[in-house]
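Notes for the structure review
Take a look at the letters that make up each chain.
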Amino acid sequence: ANARLGKTQRLAAVHTLGIPVDFATNTSAAFTVEAWVKAGGQTTDAGIVTKGTGAGGEQFNLDTGAGGHAYRFFVRDAGGSAHLANGTITPNNNWQHLVGVCNQFSNQVILYVNGVSNASGTVTAGSGLLSSANAMTIGSRQSGTAAYDNQFNGTIDEVVLYNYALTPAQVA
């Protein structure tokens, strides 16, 4: 089951989708989140696609939260520990293709930028994913549990979720 949003959209506010998205499990999870983005440098850990609240309540997060506001993808296991893929590429005013892959069966969390692995981390097989009743958001994320204060300043297009881990060949 994939979810796809069409038409390029410049976001002026957070978008909360009514699509039921929840990869929570007590065993192993595998999924992929993908988006095309175009923006200049960000000044916050700007949310691109996020499920859950900030400050430890995220099930998964694709944002600009790595050093220097570079792209980042992470998941939280069922115990709440973060498993990070902190990228080194920042928004550069050109279209960039971002793909975050969680494959607990292979102990991997990977961030791809423009079809190339930019960062990876590990997540223990069988550690599950954190449950969250919060909606998935596009274009913003919460730094805590209140306001959506980490706005992505740019354009987001073709957000796609897969309920399986894409392979490097599928990403390229």
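Attention here is on the structure that accompanies the text. (Residues numbered from 1 in each chain as written. Predicted model: local features only at pLDDT ≥ 70, side-chain atom pairs only at ≥ 80, totals over all residues. Heavy atoms only, no water.)

1. Describing the nonpolar core
Within soluble globular proteins, side chains that are nonpolar generally end up buried alongside one another. The line we're drawing: In these notes, a set of buried Ala, Val, Leu, Ile, Met, Phe, Trp, Tyr and Cys residues joined through side-chain atoms within 4.5 Å is what counts as a nonpolar core. Categorising residues by exposure relies on relative accessible area from a 1.4 Å probe, with only protein chains included: less than 20% of the type maximum marks a residue as buried, more than 50% marks it as exposed, and the intermediate range marks it as partly exposed. The helix and strand labels rest on DSSP assignments: H or I over at least four residues marks a helix, E over at least two residues marks a strand, and numbering proceeds from the N terminus. Only heavy atoms enter the contact rule, under which two residues are in contact if any of them lie within 4.5 Å.
Phe31, Ile48, Phe60, Phe73, Val75, Leu111 and Ile156 are the most contacted members of the largest nonpolar core, which totals 31 residues. Counting residues per element, the ones that place at least two in this core are strand S4 (30–39), strand S5 (47–53), strand S6 (57–63), strand S7 (72–76), strand S9 (96–103), strand S10 (108–113), strand S12 (136–138) and strand S15 (154–162). With 5 residues, the single largest contributor to this core is S4. Setting aside chain neighbours within four positions, we find phenylalanine 31 in contact with Phe23, Phe60, Phe73, Val75, Gly100, Val101, Cys102, Leu129, Tyr162, Asn163, Tyr164 and Ala165. Core analysis: the next-biggest nonpolar cluster, separate from the first, contains 9 residues, Val99, Ala165, Leu166 and Val171 among them.

2. Digging into the pattern of salt bridges
To be explicit about the condition: By definition, a salt bridge exists where a carboxyl oxygen of Asp or Glu is found within 4 Å of a side-chain nitrogen of Lys or Arg.
Going through the model one piece at a time under the given rule, you end up with 4 salt bridges. The residue glutamate 58 makes a salt bridge to arginine 141 at a minimum N-O spacing of 2.3 Å. Pair noted here: glutamate 58 is in strand S6 and arginine 141 is in strand S13 (residues 140–141), with a separation of 83 residues, a long-range link. Just as glutamate 58 is buried, arginine 141 falls in that class too. Aspartate 63 is the partner of arginine 72 in a salt bridge, and the nearest nitrogen-oxygen pair spans 2.7 Å. Take arginine 72: its relative accessible area is 11%, and that puts it in the buried class. Connected via shared salt-bridge partners are Glu58, Asp63, Arg72, Arg76 and Arg141.

3. Description of the packing of aromatic side chains
Describing an aromatic ring pair means giving the distance of the ring centres and the angle of the ring planes. Threshold: Stacked, edge-to-face and tilted labels apply to pairs of Phe, Tyr and Trp rings (six-membered ring for Trp) whose centres lie within 6.5 Å, assigned for plane angles under 30 degrees, over 60, and everything in between, in that order.
Taken as a whole and assessed by the stated rule, the structure comprises 5 aromatic pairs. Seen from their ring centres, phenylalanine 23 and phenylalanine 60 are 6.0 Å apart, and the 55° between their planes marks the pair as tilted. Here phenylalanine 23, found in the loop between strand S3 (15–16) and S4, pairs with phenylalanine 60, found in strand S6; they are 37 residues apart in sequence, far enough to count as distant. For the pair phenylalanine 23 and phenylalanine 60, a shared accessibility class is recorded, and that class is buried. Chaining the aromatic ring pairs together yields one cluster made of Phe23, Phe31, Phe60 and Phe73.

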